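Analysis of the macromolecular model
So you can see what is in the structure, the chains are spelled out below.
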Amino acid sequence: MKDKFLRILSPITLAVVAILDAAVIGYGIYAIKRLIAVQNTTIIIFAVCDFAALIIAALVTKEVLSNGVKFYSDEMEFTGLDKDSIFTYADIESVTTEKDTKPSFVKNFIDRQSKVILNLKDERVITIDIGLTTKNGLAAIEKEINERISNA
């Protein structure tokens, strides 16, 4: 099968990152206009700080957009995990997913996150918390894993 990348991105995360990026860009434009009009130490410091914030915003956006699942011909990798993120299809017996869809004001933020549960052939069960996702995104990940483990 062909290599594939499925992005793990929640609409909430996308909205927050987009708003923060727009704010940094807006402050950058304001800082440049002020720097052209009046050049004093305070405005120069503000412009330098905004330039640093612009670099940080670009790195955060890149990190948010790079999280997902990379499917290769014989293994898959969860790019949002630091260690133990690569799994071989031949080692996976089955996969299930969980996502809380019931509205509630008493549940914590962490209770809303999606989970991918891998049942391995050596009797181990690995639960991977992939954060906030859409139902369609989670279903696409489960479908792709099931297709690839059935072909392994």
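Now for a quick tour of the structure. For clarity, every value in this text was computed on a predicted model and none was experimentally measured.

A sheet is described by the order of its strands in space; here 4 strands give the open sequence S1-S2-S3-S4, paired in antiparallel fashion. Two strands close off the open sheet at either side, each with one partner strand: strand S1 (4-7) and strand S4 (86-88). Taking the axes of each pair of neighbouring strands and ignoring which way they run, one obtains an average angle of 15° across the sheet. Summarising the sheet, strand S2 (residues 68-71) and strand S3 (residues 75-78) pair through 3 bridges and their orientation is antiparallel. Counterpart to Lys70 in the pairing with S3 is Glu77.

This paragraph deals with the pattern of salt bridges. Across all of its chains, the model carries 3 salt bridges by this definition. The closest approach of N and O atoms between Asp122 and Arg124, which form a salt bridge, is 3.0 Å. Look at Arg124 and you get partly exposed, because its relative accessible area is 46%. Across the pair Arg148 and Glu144 runs a salt bridge, and its minimum N-O distance is 2.7 Å. Here Arg148 pairs with Glu144, and both are found in helix H3 (residues 135-151), just 4 residues apart, close to one helical turn. Taken together, the shared-partner salt bridges connect Lys4, Glu144 and Arg148 into one network.

How each quantity is defined
- Note on numbering: residues in each chain are counted from 1, in written sequence order.
- Residue-level local features of this predicted model are given only where pLDDT is at least 70; pairs of side-chain atoms are given and counted only at 80 or more, and the full residue set underlies all totals for whole chains, interfaces and linings.
- Note that the side-chain values use all heavy atoms of the structure and ignore hydrogens as well as water.
- Only strands joined by at least two bridges in the DSSP assignment are considered to pair.
- Labels follow the DSSP assignment, with helices taken as runs of H or I lasting at least four residues and strands as runs of E lasting at least two, numbered in each case from the N terminus.
- Whenever a helix is involved, its axis is fitted only over the stretch in contact; in every case the axis is a line through C-alpha atoms, and angles between N-to-C directions fall within 0 to 180 degrees.
- Each reported salt bridge corresponds to a side-chain nitrogen of Lys or Arg within 4 Å of a carboxyl oxygen of Asp or Glu.
- Each residue is assigned to one of three classes by its accessible area relative to the maximum for its type, calculated with a 1.4 Å probe on protein chains only: buried under 20%, partly exposed between the two thresholds, exposed over 50%.

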